[in-house]
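Take a look at the letters that make up each chain.
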Amino acid sequence: MNMHSARAASGLDKLKTILGIPVVAVRWNDAIALLNRLIAERRFTKVSFLNAHNANIAYTDPVFAQALDDFLILPDGIGVDLAARLLYGAPFPDNLNGTDFVPAFLQASTTPLTVGLLGATRVNAEAASVKLAALAVQHRFVVIHDGYFPASQESEIVDRIAALRPDVLLVAMGVPRQELWIERHIDARHCTLPIAVGALLDFLSGAVPRAPLWMRRLRLEWLFRLAVEPGRLWRRYVVGNPLFLLRVVRQKFSLTPEAARDIK
């Protein structure tokens, strides 16, 4: 099921298109209910999140942008909220960042599920599995493989997923690799909800620290991450965030969001 079909099935008809990418405008509890309904009805749906970083990547990578068109996209972070204010006069109803939303969704799902974990290092994936199992004791968590494997191992890993056939498959390989990997390898034979979760397993394992709660409430977690990993993240935030907003302004004052592609 693609994003448009999932939206129709859920009765959700509110989208905010950010730089050509349709994002569902939905409350936190309604998003949890939607994912639970998709699982209950065995409606295969690929799920990802849009933030300023991957919106920028999609605008320089048309293959990634095309892949995202087949995902149910949830809003993540202050960047897309600012974009929604600029373009639509109001932010998204809730910030559904995957690091908080995915564990909350699993905790709130009362029906026992099988959840596969794919990605990160083996140590971090195993530690994340233990953390999730304590958080959501009703579910079964299975580490399928770490995220560091050659192409020659892909068919074996895909077969392992098909044999397990989890209700939820958490894929933590970073953007855009995780979405492209799901797009190319995963369908209804393998799981019901493949979810691209970025650094979630690293956060859950404790290997990468989260910002203090007060910073998260002020929507400043990006600043904390930049301070912790400046060498890796400075381009994403210091260059990427203003570039994203510049593209959004271009979208606002153009007839089509595609005009923002002129800004490279």
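I will try to describe carefully the structure that is included in this document. Note that the structure is a prediction, hence the values are computed from the model and not measured.

Bringing a nonpolar patch on the surface into the picture now. Where nonpolar side chains cluster on the molecular surface, the patch consists of Leu86, Val249 and Phe253 and spans about 280 Å² of accessible area. The topology assignment puts Phe253 in the segment after helix H13 (230-252).

In total, this model carries four aromatic pairs according to the counting rule given. Both rings, one in Trp28 and one in Phe101, keep their centres 5.3 Å apart while their planes meet at 85°; by these two values the pair is edge-to-face. Taken together, the positions of Trp28 in helix H2 (residues 28-40) and Phe101 in helix H6 (residues 98-108) put the pair 73 residues apart, joining distant regions of the chain. Judged by its relative accessible area of 1%, Phe101 is buried.

Running from N to C, helix H5 (residues 78-88) and H13 cross one another at 20°; their axes reach a closest spacing of 10 Å. Regarding the angle of H5 to H13, the classification is roughly parallel. Read as a crossing pair, H5 and H13 show a hand that is right-handed. Side by side, H5 and H13 meet where Gly79, Val80, Leu82, Ala83, Leu86 and Leu87 of the first sit next to Phe244, Leu245, Val248, Val249, Gln251 and Lys252 of the second. Its residues placed into classes, the contact of H5 with H13 shows nine nonpolar, two polar and one charged.

Let us now look at the packing of helix H3 (residues 52-60) against H13. Where H3 contacts H13, the axes come no closer than 9 Å and their chain directions differ by 70°. Between H3 and H13, the angle is such that the two are roughly perpendicular. Relative to H13, H3 is oriented so that their crossing is left-handed. Of the residues in H13, those in contact with Ala52, His53, Ala55, Asn56, Tyr59 and Thr60 of H3 are Arg236, Gly240, Asn241, Leu243, Phe244 and Arg247. Its residues assigned to classes, the contact of H3 with H13 shows five nonpolar, five polar and two charged.

Further remarks concern the side chain of Ser129. With respect to the helices, strands and loops of the structure, Ser129 is situated in helix H7 (residues 122-135). Excluding residues within four positions of it along the chain, Ser129 makes contact with Leu117, Phe141 and Val143.

Across the nine residues that make up H3, a large majority, seven, are buried. Within H3 the residues assigned to the buried category are Ala52, Asn54, Ala55, Asn56, Ile57, Ala58 and Tyr59. Against strand E2 (21-24), strand E3 (47-50), helix H4 (62-68), H5 and H13 lie the buried residues of H3. Where H3 begins, one side-chain oxygen reaches toward the backbone nitrogen of His53, 3.1 Å away; that side chain belongs to Asn51.

It is possible for side chains bearing opposite charge to pair when their charged atoms get close. Inspection of the entire model under this criterion finds 12 salt bridges. Measuring nitrogen to oxygen at the nearest pair gives 2.8 Å for the salt bridge that ties Glu183 to Lys46. Here Lys46 lies in the loop between H2 and E3 and Glu183 lies in helix H9 (residues 177-185), a separation of 137 residues in the sequence. The class of Glu183 is partly exposed, set by a relative accessible area of 32%. Note that Glu156 is salt-bridged to Arg160, the shortest N-O span being 2.7 Å. Of this pair, Glu156 and Arg160 both sit in helix H8 (residues 154-164), four residues apart, which is roughly one turn of that helix. Linked by salt bridges that have partners in common, Asp100, Arg210, Arg216 and Glu221 make up one network.

Conventions adopted
- Residues numbered from 1 in each chain as written.
- Predicted model: local features only at pLDDT ≥ 70, side-chain atom pairs only at ≥ 80, totals over all residues.
- Heavy atoms only, no water.
- Patch = residues over 30% accessible without salt bridge, like charges linked within 9 Å, V, L, I, M, F, W, Y side chains within 5 Å.
- Areas by Shrake-Rupley, 256 points an atom, 1.4 Å probe, with all protein chains shown as cover.
- Salt bridge = Lys/Arg side-chain N within 4 Å of Asp/Glu carboxyl O.
- Helix = DSSP H or I, 4+ residues; strand = E, 2+ residues; numbered from the N terminus.
- Phe/Tyr/Trp six-rings, centres within 6.5 Å; stacked < 30°, edge-to-face > 60°.
- Buried < 20%, exposed > 50% of the residue type's maximum accessible area, 1.4 Å probe, protein only.
- Axes fitted to C-alpha atoms, helices over the stretch in contact; angles between N-to-C directions.
- Parallel < 35°, antiparallel > 145°, perpendicular 65-115°, else oblique.
- Left-handed = near helix turned anticlockwise from the far one by under 90°.
- Contact = heavy atoms within 4.5 Å.
- Nonpolar A, V, L, I, M, F, W, Y, C, P; charged D, E, K, R; others polar.
- Polar contact = N/O pair within 3.5 Å; in protein donor to acceptor, adjacent residues only side chain to side chain.

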